Amino acid sequence: MNPQVVAVGSSPVHAFSKDIASQINLLAGLGVDGDAHCGVTVQHRSRVALDPSQPNLRQVHLIHVELFEELAAQGFEVAPGQIGENITTCHLKLLALPVDSELHIGPSAIVRLTGLRNPCEQLNQFQPGLTAAVLGRTPEGQLVRKAGVMGVVVAGGVVRPGDAISLRLPAGPHRILERV
């Protein structure tokens, strides 16, 4: 199956969930038009408190819908947008992609991956036990974060559910995604 967009969302305020929309507009170098995390410099409240001049490596949050299916098998009910993502994807192993992978979405948008979302306590406030459910361990004991990936907008454009996603991997050697 070909990778595609399942849902899109944004929120003008720093709320946990995003409102599902028929489309979002990605702005090059900024993020999702009208979203609270849109900007050249960091917009995440805890990071602004530390250093508001940091570059915004979290302009767009993407989650694979397959995570929701995995969570449903554990008794959680999570739908697109509910845990804060701007773009919900399917048929794309987001967590396995390297840093600087480019997702070409729809007719013109390009998002370059910067890292992993770090699951936080807000997930437990949404549904008790959800933070632990989106964390795992490799056989070697390394922490695995499954709550999606973050990226920056390289080329703007409108993104809608059903849009195709194509992948362009960076030149090697590849660096694994780490929390940003």
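Caption draft 1: The nonpolar core, seen in detail. Residues Leu-26, Val-60, Leu-62, Ile-87, Leu-103, Ile-105 and Val-159 are the most contacted members of the largest nonpolar core, which totals 23 residues. Contributions of two or more residues to this core are made by β1 (4–10), β3 (24–27), β5 (60–64), β7 (102–105), β8 (109–116) and β11 (149–155). It is β8 that provides the largest number of residues to this core, a total of four residues. Each residue touching Val-159, except ones within four places of it in the same chain, is listed here: Val-5, Val-8, Gln-23, Ile-24, Leu-26, Ile-87, Ile-105 and Ala-109. Formed by 15 residues, the second largest nonpolar core is a distinct cluster that contains Ile-63, Leu-67, Phe-68 and Leu-130.

Caption draft 2: Structural view of the packing of aromatic side chains. Taken as a whole and assessed by the stated rule, the structure comprises one aromatic pair. Judged by centre distance (5.6 Å) and plane angle (35°), the ring pair of Phe-16 and Phe-126 falls under tilted. Here Phe-16, found in the loop between β1 and β2 (19–21), pairs with Phe-126, found in helix α3 (residues 122–126); they are 110 residues apart in sequence, far enough to count as distant. Take Phe-126: its relative accessible area is 26%, and that puts it in the partly exposed class.

Caption draft 3: Structural detail: the sheet that holds β3. One open sheet accounts for three strands, arranged β4-β3-β12; its pairing is antiparallel. Two strands lie at the open edges of the sheet, namely β4 (31–32) and β12 (157–159), each paired on one side alone. Across two bridges, β3 lies against β4 in antiparallel orientation. Bridged to Leu-26 within β4 is Val-32.

Caption draft 4: The sheet that holds strand β6 (residues 87–90), seen in detail. Strand order in the open sheet formed by eight strands is β2-β1-β6-β5-β11-β8-β7-β13, and the pairing between neighbours is mixed. Each edge of the open sheet carries a strand with a single partner, namely β2 and β13 (165–168). The sheet shows a mean angle of 35° between the axes of neighbouring strands, direction not considered. Note that β1 and β2 share three bridges and pair antiparallel. Residue pairing across strands places Gly-9 opposite Ile-20, the latter belonging to β2. Along the sheet, helix α2 (residues 65–72) contacts β1, β5 and β6; its crossing angle with β5, the most-contacted strand, is approximately 50°.

Caption draft 5: Focus on the layout of surface pockets. The space that makes up the largest pocket amounts to roughly 470 Å³. Secondary structure elements with two or more residues in the lining of the largest pocket: α1 (45–50) and β5. Element by element, the count of residues in the lining of the largest pocket is highest for α1, at three residues. For the second largest pocket, the calculated volume is near 290 Å³. Leu-95, Ala-96, Leu-97, Leu-116, Thr-138, Gln-142, Leu-143, Val-144, Arg-145, Ile-176, Leu-177 and Glu-178 are the residues that line the second largest pocket. No other element matches strand β10 (residues 143–145), which puts three residues into the lining of the second largest pocket. When its residues are assigned to classes, the lining of the second largest pocket shows eight nonpolar, two polar and two charged.

Caption draft 6: Spotlight on the pattern of salt bridges. On inspection of all chains with the given rule, the structure shows five salt bridges. Among the salt bridges present, the one from Lys-18 reaches Asp-35, with a minimum N-O distance of 2.9 Å. You can see Lys-18 sitting in the loop between β1 and β2 and its partner Asp-35 sitting in the loop between β4 and α1, a full 17 residues away along the chain. Lys-18 gets classed as buried once you look at its relative accessible area, which sits at 6%. We classify Asp-35 as buried; its relative accessible area is 6%. Put simply, Asp-100 and Arg-175 hold a salt bridge, and the shortest N to O gap is 3.3 Å. Here the residue Asp-100 occupies a position in the loop between β6 and β7, and Arg-175 occupies one in the segment after β13, the gap between them amounting to 75 residues.

Rules of the game
- Each chain has its residues counted from 1, following the order in which its sequence is written.
- It should be noted that, the model being predicted, local features are given only for residues of pLDDT at least 70 and side-chain atom pairs only at 80 or more, the latter also being counted only at that level, while totals for whole chains, interfaces and linings use all residues.
- Hydrogen atoms and water are omitted, and side-chain values are computed over all heavy atoms in the structure.
- Side-chain atoms within 4.5 Å link the members of a nonpolar core, which is a set of buried Ala, Val, Leu, Ile, Met, Phe, Trp, Tyr and Cys residues.
- Here the term buried applies to any residue with accessible area under 20% of the maximum for its type, exposed to any over 50%, and partly exposed to those in between, with areas from a 1.4 Å probe on protein chains only.
- Numbering of helices and strands runs from the N terminus; a helix is a DSSP stretch of H or I covering at least four residues, while a strand is a stretch of E covering at least two.
- Whether two residues are in contact is decided by their heavy atoms: any pair within 4.5 Å suffices.
- Pairing of aromatic rings covers Phe, Tyr and Trp, the last through its six-membered ring, and needs centres within 6.5 Å; plane angles under 30 degrees mean stacked, over 60 mean edge-to-face, and all others mean tilted.
- Two strands pair under a simple rule: DSSP has to find at least two bridges between them.
- Between N-to-C directions, angles span 0 to 180 degrees; the directions come from axes that are lines fitted to C-alpha atoms, helices contributing only their stretch in contact.
- Both cavities and pockets are sets of points on a 1 Å grid over the protein atoms alone; in a cavity a 1.4 Å probe fits but cannot get out, in a pocket the set is open with protein on both sides within 12 Å along at least five of seven lines, and lining residues sit with an atom within 4 Å of a point.
- Grid points are joined across faces, edges and corners, and a volume is the space filled by probe spheres set on the points.
- Charged means Asp, Glu, Lys or Arg here, nonpolar means Ala, Val, Leu, Ile, Met, Phe, Trp, Tyr, Cys or Pro, and polar covers whatever is left, Gly included.
- Counted as salt bridges are all cases of a side-chain nitrogen of Lys or Arg within 4 Å of a carboxyl oxygen of Asp or Glu.

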